Amino acid sequence: MNKYFCLSLFIATCLISCKSDEPAPSPATPPTTPEVKSSEKKILSFSFRSITPSVFGTINETNKTISVTVPKIAINALAPNITVSEHAFVLPASGTVQDFTNPVQYEVTAPDGSKQNYMVTVALDSTISLNLLSSTTFEQGDYVLITGDDFGTDASRIIVTFINTGTTTTTDITTFVVFDDTAIGFLIPEDLLPGNYMIKLTIYGFEYTLNQTLTVSVPTPEIQSIDKSTVERGQNLIITGEYFAESGNIVKLNKTGSSKTLTIVSESSTSIEVTVPIDTEAGNYSLSVTSNDKTGNSISTITVTAPSTTPVITSLDKFSYARGETITITGQNLKKEGAFTNINFIPFISGATVVRTAIPNGDGTELTYTIPGDFPTGSYIIVVEVDFDYSEEYGDVIQITL
């Protein structure tokens, strides 16, 4: 075989083989259409689900505003739940904590990149109910509880104001407690002037006035201690306590059927010193202090005793005397040096006490008095007075006759 023939055959074979490896031409395909992105960018819902029950906003699509009314809570840190159009997103994002004290702007971006702003305004529910107080008479320092509904729970957002109906002066109560959205408790200031008051509540900026007038007065005087439990007639007592008047207090010793007003030596709002009169009957007493027309009583008992020099009646020689007869009284301490001795004839039923000078013996154990012809007749109780010191009443009643 001719070598030139073989070379030609090899080249032809290679050319045929290479042509068979080329892909067959494909049929014609239509051009690709670009994807159209949505321009939808709406806020579909706006709510606070952390509040129980959940609160939903009202969306005004025309004005692009959202208004939400919430109960009386702090609105400076709320996280809203927001849903928007499909494939859109909102900033600030749903669940982001925001301060809604002032309106907040939200921006919604559509899939096509266009944007829309919404202005969100959060307002507090202005409805509230107040219950009437069971009492409208209080003292300085008393506890007041105002009940109702929808007070909220944040005491820092509440102001309690007393308004004096006479002078219109106002006093804010700065310390109080809020109980479960339904009650506010506080103490009336101890320095609040006595008078009639209205109470105004400012709750989250809304004002409410209690439909009652409160009368505030000074507290009842409180006796806390007395320096003696036993005191002699003529001695002093020191009383300590609270809510006494600076002046004009009235202090009394009291027992069943009688009372004795004590002499004020000194007085202040916390302490009173008094003198027990020397004509006070010996015995057990309670003590009272009256200040600003209110009376406080001691818990302990005060025992009044006679001094060792106090005159004592032991007996009378008889119980019925005619005018001109002499009464003879025996006893002790019926005479003192440089002093006088009197017999007090106290009418048994009614009338003025008759005081007469009597004659004591040398050792003060006997006393005599001759009844004059003009002495008023009747029934009498006898008390001996020696130098302003008094005996106890003699136990029997005597008769003075014609």
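Residues numbered from 1 in each chain as written. Predicted model: local features only at pLDDT ≥ 70, side-chain atom pairs only at ≥ 80, totals over all residues. Heavy atoms only, no water.

A. Up close: the overall build of the protein chain. Scanning the protein chain from N- to C-terminus turns up one helix and 38 strands. Over its C-alpha trace the protein chain gives a radius of gyration of 51 Å, far above what one expects of a compact globule, namely 21 Å for 402 residues. On the principal axes, the C-alpha backbone points of the protein chain span a range of 200 × 55 × 30 Å. The buried share of the protein chain, taken over its 402 residues, is 34%. Taking the contacts inside the protein chain whose residues are at least 6 apart along the sequence as the reference set, 59% of them involve residues at least 24 apart. Across the protein chain, the mean location of the 22 positive side-chain charges is 11 Å away from that of the 43 negative side-chain charges. (Helix = DSSP H or I, 4+ residues; strand = E, 2+ residues; numbered from the N terminus. Rg over C-alpha atoms; globule rule 2.2 N^0.38 Å. Buried < 20%, exposed > 50% of the residue type's maximum accessible area, 1.4 Å probe, protein only. Contact = heavy atoms within 4.5 Å. Lys, Arg positive; Asp, Glu negative; His and termini not counted. Charge placed at Lys NZ, Arg CZ, Asp CG, Glu CD.)

B. Expanded view of the packing of aromatic side chains. By the definition in use, this model includes 11 aromatic pairs. On the numbers, 6.4 Å between centres and 85° between planes, the contact of Phe-46 with Phe-100 is edge-to-face. Of the two residues, Phe-46 sits in strand β1 (residues 43-48) while Phe-100 sits in the loop between β6 (89-91) and β7 (104-109), which places them 54 residues apart along the sequence. Just as Phe-46 is buried, Phe-100 falls in that class too. (Phe/Tyr/Trp six-rings, centres within 6.5 Å; stacked < 30°, edge-to-face > 60°.)

C. Broad picture of the sheet that holds strand β3 (residues 58-60). Strand order in the open sheet formed by five strands is β3-β4-β8-β7-β6, with mixed pairing between adjacent strands. Only two strands of the sheet have a single neighbouring strand rather than two, namely β3 and β6. In this sheet, adjacent strand axes meet at a mean angle of 25° when their direction is disregarded. Where β3 meets strand β4 (residues 65-70), three bridges bridge the pair, whose relative direction is antiparallel. Bridge pairing links Thr-58 to Ser-67 in β4. (Pairing = 2+ DSSP bridges. Axes fitted to C-alpha atoms, helices over the stretch in contact; angles between N-to-C directions.)

D. Region of the structure containing unusual backbone geometry. With omega at -10°, the peptide bond leading from Thr-52 into Pro-53 counts as cis. With respect to the element layout, Pro-53 can be found in the loop between β1 and β2 (55-56). Cis geometry is found at the peptide bond from Leu-91 to Pro-92, where omega equals -10°. The topology assignment puts Pro-92 in the loop between β6 and β7. Backbone geometry places Lys-64, a non-glycine residue, at a positive phi of 55°. According to the relative accessible area criterion, Lys-64 is partly exposed, its value standing at 21%.

E. Local environment of the sheet that holds strand β35 (residues 366-370). With antiparallel pairing, four strands are arranged side by side in an open sheet as β29-β31-β35-β34. The sheet is open, and its two edges are formed by β29 (312-316) and β34 (359-360), each paired on a single side. By the bridge criterion, five bridges tie strand β31 (residues 326-332) to β35 in an arrangement that is antiparallel. Looking across to β35, one finds that Thr-326 is bridged to Thr-370.

F. Molecular detail of the pairing of strand β16 (residues 195-203). The pairing of strand β12 (residues 158-164) with β16 spans seven bridges and is antiparallel. The partner of Thr-161 across the bridge, within β16, is Lys-200. Bridge count between β16 and strand β17 (residues 206-209): four bridges; the pairing is antiparallel. If you follow Leu-201 over to β17, its bridge partner there is Tyr-208. Here β16 folds back onto β17 in antiparallel fashion, the turn holding two residues, of which Tyr-204 has a positive phi close to 50°.

G. Layout of the side chain of Ser-291. Along the chain, Ser-291 falls in strand β26 (residues 283-291). On the basis of relative accessible area, Ser-291 is assigned to the buried category, the value being 1%. Sequence-distant contacts of Ser-291, defined by excluding residues within four places in its chain, comprise Pro-221, Tyr-243, Phe-244, Ala-245 and Asn-249.

H. Highlighting the pattern of salt bridges. This structure, assessed with the given rule, holds 11 salt bridges. Between Glu-61 and Lys-64 there is a salt bridge; the shortest N-O distance is 3.2 Å. Judged by its relative accessible area of 28%, Glu-61 falls in the partly exposed class. A salt bridge links Glu-207 to Lys-200; its shortest N-O distance comes to 3.8 Å. Among the residues examined, Glu-207 registers a relative accessible area of 55% and is labelled exposed. (Salt bridge = Lys/Arg side-chain N within 4 Å of Asp/Glu carboxyl O.)

I. Just a nonpolar patch on the surface, in detail. Together, Tyr-143, Leu-145, Val-177, Phe-179 and Leu-187 line one region of the surface with nonpolar side chains, adding up to about 460 Å² of accessible area. Broken down by secondary-structure element, the contributors of at least two residues to the nonpolar patch are β11 (143-149) and β14 (176-179). Tracing the backbone through its elements, the reader meets Val-177 in strand β14. (Patch = residues over 30% accessible without salt bridge, like charges linked within 9 Å, V, L, I, M, F, W, Y side chains within 5 Å. Areas by Shrake-Rupley, 256 points an atom, 1.4 Å probe, with all protein chains shown as cover.)

J. Representation of the environment of Pro-92 in the model. On the accessibility criterion, Pro-92 (21% relative accessible area) is partly exposed. Sequence separation between Pro-92 and Thr-153 is 61 residues; the distance between their C-alpha atoms is 28 Å. Not counting residues within four places of it along the chain, the set of residues in contact with Pro-92 comprises Ile-82, Gln-98, Gln-105 and Tyr-106.

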